[in-house]
Number of protein chains: 2
Amino acid sequence: MPALEKISYDPNAPVDPRVETLVNELIGRVADKWTLLVLEELEDHGTCRFTQLSRLVPGISQKMLTQTLRAMERDGLLVRTVHPVVPPKVEYCLTDLGHSLGEAFCGVWIWAETNLDRIEKARSAFDARG
Amino acid sequence: MPALEKISYDPNAPVDPRVETLVNELIGRVADKWTLLVLEELEDHGTCRFTQLSRLVPGISQKMLTQTLRAMERDGLLVRTVHPVVPPKVEYCLTDLGHSLGEAFCGVWIWAETNLDRIEKARSAFDARG
DNA sequence: CGGTATCCGAGGGGATACTG
DNA sequence: CAGTATCCCCTCGGATACCG
């Protein structure tokens, strides 16, 4: 497992509480299930079209895909390009900011993969205790 | 900004789709707003009591605090210790697994702090475009 | 193809009251 | 102190139908 501890981050550093609230909101927004799945697919496949994404992201509805893509575009995580042709062609591509978010989430992704078994065992043990 | 790119992670590595689903569910579970805030406070302050946490986590209701702590205990992220005294005294303490999750989320936290301004500008620009 | 509009049910989550 | 129980609102998100 890569050494994440190398990251220098002082949790005791004084942080403006207003900023802290904004950061919490931002993380809440960005740690959304669909956002993460769309982010993953765009990282893996590069530029994608709408229908392509709806096939790649398992279980997402048209509505949620539209909402998720709009929110990500608004946050500057991806760029939406409309090609003026018939039939319509719309492409979605991650920005540098989007890629950097993907990299930031790598640690969590690795953590989840690494500890999946451990957590399932913890759950079984907890449930067994009643 | 620390080099997160040092983390070796091949997104093209073949992953059992069943495992992928479980990982996604796990991340969805763990990336919960209240879970992250409780995790942060326990990292900063060490072992805490129930009422102490309810004061530390801004805006959390008793109900959500109870639910969040139970879920985290079930996942093996923290240990709940009941001291048989009157008045009751219950202490919550992160496990190694809990700490490792906190470290994994460091990258996301730093990303959010680093890019907060950039995202607010992206939003303003998007909203201005109509 | 790439959406928007509308309806609707499940459940997330707050407020309040009560208990060992 | 550290919860549980109840009520209730209100948002999230799926299903369906329609449009440029």
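One structure accompanies this document, and this report is about it. (Residues numbered from 1 in each chain as written. Chains lettered and ligands numbered in written order. Predicted model: local features only at pLDDT ≥ 70, side-chain atom pairs only at ≥ 80, totals over all residues. Heavy atoms only, no water.)

## Things to note about the overall build of chain A
Argument step 1. Looking only at helices and strands, chain A has five helices and three strands in total.
Argument step 2. Listed N to C, the secondary structure of chain A is α-α-β-α-α-β-β-α in terms of helices and strands.
Argument step 3. Per-residue burial over chain A gives 39% buried out of 130 residues.
Argument step 4. The long-range share in chain A, meaning contacts at least 24 apart out of those at least 6 apart in sequence, stands at 51%.
Argument step 5. Total accessible area on chain A is roughly 7100 Å²; 53% of this is exposed by carbon and sulfur atoms. (Helix = DSSP H or I, 4+ residues; strand = E, 2+ residues; numbered from the N terminus. Buried < 20%, exposed > 50% of the residue type's maximum accessible area, 1.4 Å probe, protein only. Contact = heavy atoms within 4.5 Å. Areas by Shrake-Rupley, 256 points an atom, 1.4 Å probe, with all protein chains shown as cover.)

## Re helix α1 (residues 17-30) of chain B
Argument step 1. Its 14 residues place the ends of α1(B) 20 Å apart at the C-alpha level, agreeing with the 20 Å of an ideal helix rising 1.5 Å per residue.
Argument step 2. Taken residue by residue, α1(B) has B:Val23, B:Asn24, B:Leu26, B:Ile27, B:Arg29 and B:Val30 as its buried positions.
Argument step 3. Turning to α1(B), the residues buried within the fold contact α2 (33-45) and α5 (96-129) of chain A together with α2 (33-45), α4 (62-74) and α5 (96-128) of chain B. (Expected span 1.5 Å × (residues − 1).)

## Comments concerning the sheet that holds strand β1 (residues 48-49) of chain B
All names here are of chain B.
Argument step 1. Pairing within the open sheet is antiparallel, and its three strands lie in the order β1-β3-β2. Unpaired on one side and paired on the other, β1 and β2 (78-83) mark the two borders of the sheet.
Argument step 2. Direction of pairing for β1 relative to strand β3 (residues 89-94): antiparallel, over a ladder of two bridges. The partner of arginine 49 across the bridge, within β3, is glutamate 91.
Argument step 3. Contacts from α2 reach β1, β2 and β3 within the one sheet, and its direction differs from that of β3 by about 90°.
Argument step 4. Together, β2 and β3 form the strand contacts of α4, whose direction differs from that of β2 by roughly 115°. (Pairing = 2+ DSSP bridges. Axes fitted to C-alpha atoms, helices over the stretch in contact; angles between N-to-C directions.)

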